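Structural features, examined
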Amino acid sequence: MRDLIFGLIGGTALLMYGVDKMGEGLEKASGPMMKRMLSFFTGRVWSAFLVGIVLTVLVQSSTAITVLTVGFVNAGLMKLPNAVGIIYGANIGTTITAQLMAFSFKFKLTEIALPVIGIGFAIGYLAKNKTTKNIGDALMGFGMMFLGLKILNSGIPFMKESEALRFFFQTYAAIPLVGILLGAAATALVHSSSATVALVMVLGQAGLINLETSILIMLGDNIGTCITAQLASLAGNIHARRTAWAHTLYNIFGVFLVALVFSPFVWLIETATAYLAITFGFGSGIEAQIANSHTLFNVISAIVFLPITKYYVIFLEKFIKSRGHDDDYKIHYLDKLLLDNPSSAFRASMAETIRSAEIAKKMLVNTMEGLHGNDSKKLDSVNKDELILNSLQKDITAYIIEISKRSLSDDESVMVPAMVNVINYIERIGDRSEDLVDLIRIAQERNLKFSQGALQGLKDLEDMVMNMYDDAIKAMTDGDIELAMKTIEIEDKVDELSRQLSDAHLERLEKSKCTVDAGVIYLDIVTNFERIGDHVYKMCLNLINGLKGSTKEDKTQA
């Protein structure tokens, strides 16, 4: 019994560690390519589906691909329908590990585990190239996975003799709901469906569970593997949460569908396994049936869902709703999962910066509507938005500093101070809006009136500054350097108009057409708008530097 317990503990640990190390090594070796594929080759659901299969076969971790997909959606780099397609494919790609394990039972791949570990260690230890080192690590993980499986297999004779284990699995695990919950709980704990499927194969080999019970636990595995994506989405925006729930509900719906036709599904597995064994010489034992059930479950789920993806996305958008105003204070696009890929991280930072610029624009609009319409509610909203803008400035700056700690090219290094300066100038625009609100409130409380000519001149200045700011936001959104350069030229016109308005108002004061108190407030309002124009001007200067670095980097990657 002691040997059985120790073997289960050590074998399971080696198996889990091997699966993780293999996945981590493959992920690092193919990292840049994987992220580029996720970014650029997922334009349609079908292409996203195929990319999901290919990438998961390469890295052998549907969890890694799904979590990264959540990160891309969170950063605004991928739309929800494309993310759903990747999830369909990732669920199929990850079943290759189970097929390899089933293959090992027939061809005794476990016997070469130690030499494979040695070869992997030698490659990782001696290689100087990072990619080669990562391949060596992946090979070591591959060997450890089979060594763990070998240790677990050695416990099969003891398992067969254990009446307690037999009683538990035949009495309780055979109950459909219990079997599914058992698989879900086990996979949620170890964060690897491959590891739990391997354990199910060992239990099947020991005769402790039959095919029906094995399939029930396998169904639970597919639900349990969703926990990591759910955890990754907790701090994300509504799109990230919808992506995580797309993964979870997809697997739950799939389990429900198979449960409805459970007996035909079991027959299909037995028939398909027998056909593959006769036609191609594949394994025909319970371990092959378990691996095939894992693959066929995910293939069938994808076949059912691919044609209705459009409606599935509508369902997700309708039922997974935003948390309300609290979401405004949170970052929407920044995700730590992207930090090791600076190009994507900068794009996420720009998306969050554009969002901040839109909030600052709304503050300006509400400020002037509060003045011209005497609307105190509009003015109140400016103060609330200022809190959001301050919070975003801190988060974006901290995120860009984290990017700067990574290995960056010269062009990417230029983007760091440029983007920090851009968000700082946006925050200062928010500060100016708040200063304007204070001035407007003073004017309203003292019942100070501006002449019609003064208000019209102020309206002209507002329109000029807002047009300038709109062009700056559009330049950021479109990555348009020429538009940013044209926007810079407007700043001189803002300065000239501000000077003309100030001179005209001083003339009104001299002719006693305006009170001194009203005149002081008016001149301060004009000065604040002139300063906002300065901030937009400096924002565009830094934006041009950042966009030039981004453009060079994109050309380098292409």
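Residues numbered from 1 in each chain as written. Predicted model: local features only at pLDDT ≥ 70, side-chain atom pairs only at ≥ 80, totals over all residues. Heavy atoms only, no water.

1. With respect to the overall build of the chain
Rule in force here: By the criteria applied, helices consist of DSSP H or I runs no shorter than four residues and strands consist of E runs no shorter than two, each listed in order from the N terminus. Note on classification: 1.4 Å probe, protein chains only; a residue is buried when its accessible area is under 20% of the maximum for its type, exposed when over 50%, partly exposed between these limits. Pairs of residues are marked as contacts when any of their non-hydrogen atoms sit within 4.5 Å. To be clear on the numbers: accessible area is Shrake-Rupley with a 1.4 Å probe, and residue cover counts the displayed protein chains and nothing else.
Counting its secondary structure elements, the chain contains 24 helices and zero strands. A burial count over the chain gives 52% of its 558 residues as buried. Partitioning the contacts of the chain with sequence separation of at least 6, the portion at a separation of at least 24 is 82%. Carbon and sulfur atoms form 61% of the exposed surface of the chain, whose accessible area is close to 25100 Å².

2. Let's talk about the nonpolar core
Nonpolar side chains in soluble globular proteins tend to be buried together. Threshold: In this description, a nonpolar core means a group of buried Ala, Val, Leu, Ile, Met, Phe, Trp, Tyr and Cys residues linked to one another through side-chain atoms lying within 4.5 Å.
The biggest cluster of nonpolar side chains holds 84 residues, and the ones touching the most others in it are Ile 426, Phe 450, Tyr 469, Met 476 and Phe 529. For this core, the element with the highest residue contribution is helix H21 (residues 410-445), accounting for 14 residues. Not counting the four nearest positions on each side in its chain, Met 476 is found in contact with Met 350, Thr 353, Ile 354, Ala 357, Val 422, Ile 426, Met 539 and Leu 543. Among the nonpolar cores identified, the runner-up in size contains 30 residues, and Met 140, Phe 169, Ala 195 and Val 197 belong to it.

3. Here's the deal with the packing of aromatic side chains
Convention followed: Two rings from Phe, Tyr or Trp (for Trp, the six-membered ring) form a pair when their centres sit within 6.5 Å of each other. Planes less than 30 degrees apart are called stacked, planes more than 60 degrees apart edge-to-face, and all others tilted.
Under the definition given, this model contains eleven aromatic pairs. Judged by centre distance (6.2 Å) and plane angle (55 degrees), the ring pair of Tyr 88 and Phe 305 falls under tilted. Here Tyr 88 is found in helix H5 (residues 80-93), whereas its partner Phe 305 is found in helix H17 (residues 286-305), with 217 residues between them in sequence. Judged by its relative accessible area of 0%, Tyr 88 is buried. Residues Phe 121 and Tyr 125 carry aromatic rings whose centres are separated by 5.6 Å and whose planes lie at 20 degrees to one another, so their mutual orientation is stacked. On the criterion of helical spacing, the pair formed by Phe 121 and Tyr 125 is a turn pair, its members being four residues apart in helix H7 (residues 113-126).

4. Observations concerning helix H19 (residues 342-372)
Since the α-helix packs 3.6 residues into each turn, any two residues three or four apart lie on the same face. Here is the rule: Every helix has an expected span of 1.5 Å times one less than the residues it contains.
Spanning 31 residues, H19 covers 45 Å between terminal C-alpha atoms, matching the ideal 45 Å at 1.5 Å per step. Most of H19 sits inside the fold, with 23 of its 31 residues counted as buried.

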